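# Tertiary structure, described
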Amino acid sequence: MKNVLELFRAVAGRVKPPVCIALGPPWPVANLADEIGLEVTCFQLDLHQADRVRECLAEVGAEAEVVAKPDLWDLEPKFETVLFPASAHADRELKIDIIEQAHHVLKPGGTLISLSEYEKDNQFARWQKKIFGKCGESPASENGMAFWSTKGEDHKRRRHEASFHAKLAEGQPMQFLSRPGTFSYGRFDNGSRAMIDVVQVHGGDSVLDLGCGNGAVGCLLAAKAGPNGRVTFIDSNLRALALAEHNAKANEVSQPTFVAATRLEGLEKKSFDAIVANPPYYAKSDITRLFVEGAKQLLKRGGRYYIVTKMPTAVVPMIFETFGDCSVIENRGYSVVMAGAS
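Residues numbered from 1 in each chain as written. Predicted model: local features only at pLDDT ≥ 70, side-chain atom pairs only at ≥ 80, totals over all residues. Heavy atoms only, no water.

## Considering the packing of helix α4 (residues 92–105) against helix α5 (residues 124–132)
A packed helix pair is summarised by two numbers, namely the angle formed by the two axes and the spacing between the axes. Condition: Orientation is described by lines fitted to C-alpha atoms, with helices fitted over the stretch in contact, and by angles between N-to-C directions that extend from 0 to 180 degrees. Only DSSP runs of H or I with at least four residues qualify as helices, and only runs of E with at least two residues qualify as strands; both kinds are numbered from the N terminus onward. By the definition used in this description, the sense in which the near helix is turned from the far one sets the handedness, with an anticlockwise turn below a right angle giving left-handed and a clockwise turn giving right-handed. Throughout, a residue-residue contact means that at least one pair of heavy atoms, one from each residue, lies within 4.5 Å. Only Asp, Glu, Lys and Arg are considered charged in this grouping, and only Ala, Val, Leu, Ile, Met, Phe, Trp, Tyr, Cys and Pro are considered nonpolar; every other residue, Gly among them, is considered polar.
Packing of α4 against α5 leaves a shortest axis separation of 10 Å and a crossing angle of 35 degrees. Where α4 crosses over α5, the handedness of that crossing is right-handed. Residues Arg92, Lys95, Ile96, Ile99, Glu100 and His103 of α4 form the contact with α5, whose participating residues are Phe124, Arg126, Trp127, Gln128, Ile131 and Phe132. Counted by class, the contact of α4 with α5 contains six nonpolar, two polar and four charged residues.

## Remarks on the side chain of asparagine 237
The topology assignment puts asparagine 237 in the loop between β11 (230–235) and α8 (238–250). What asparagine 237 contacts, discounting residues up to four positions off in sequence, is Leu45, Asp46, Gly181 and Thr182.

## A short note on the packing of helix α2 (residues 26–36) against helix α3 (residues 47–60)
Just so we agree on the cut-off: For this classification, under 35 degrees means roughly parallel, over 145 means roughly antiparallel, 65 to 115 means roughly perpendicular, and everything else is oblique.
Contact geometry for α2 and α3: axes closest at 8 Å, N-to-C directions at 45 degrees. When the axes of α2 and α3 are compared, the pair comes out oblique. Between α2 and α3 lies a crossing whose hand is right-handed. Contact residues: α2 offers Pro26, Trp27, Val29, Ala30, Asn31, Ala33 and Asp34, while α3 offers Gln49, Arg52, Val53, Cys56, Leu57, Glu59 and Val60.

The structure is reproduced here in structure tokens:
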């Protein structure tokens, strides 16, 4: 976020501790925490983002508590101020969800302050009025706009979520729950669909859903692995992992395991027959590299690795470098890259 401190200073007089900074990119969060001073809690959904916030806090010399949880309202309702530095690229549904959940962690009379990168933002005022009743706003400026609302009476929690169905070609449809801030909100991702078309999973296999999101892929492949199979779901996003657990239970996945990790820690080496991965192709390549290099160590001899991508020219060299060989199937506009462990 550009000029976040200049925008914050226009409303700094409305900030009272204790303060929760809800989401936001690591560097702006660290700078805001440094500007505010004492009694700051930085909330993130993702363990990796939480670690980056800690690193940035250390670099600017600021002290703040950093917590990662599936929901903002998992925090104690002790805050006088919730500060929401909303990036322009942040998902609309996630913005609305954070505004809703901020209401439930504020003390009565507490204030939500949203910082928008847009010079003329016509959305936040409408969203905050719907939940808080009233909303003040700063004048439009090149730094963006700030919006503030005061908590009045409590209201019931309103969960923002969406369900969708997906199925294997030969299987029964399954229903999946999704929530804002997780991969492929409200739908089954087309890349995942392209991948499961070609993944080979046999009865009794041990399967790893690497970067599982809401767990849809792992649940569908569990039907192939059967009652004697085992599926492990791993993700750094705690909201995603909570959804994977919900969806695995709802779809009667047998023997599921759930792992929250940033670097694939907590997984036993050479313990999986099949590993599937669908990393965001627009993200930094180090995520894809982690998914490739880490997978090889986790596969059993003869195990199968599958990764789906829109950028095969970037991914295939990583596969060759790590596994020594691979094959590629074009399906539904995606490249499914396959490799094996010798």
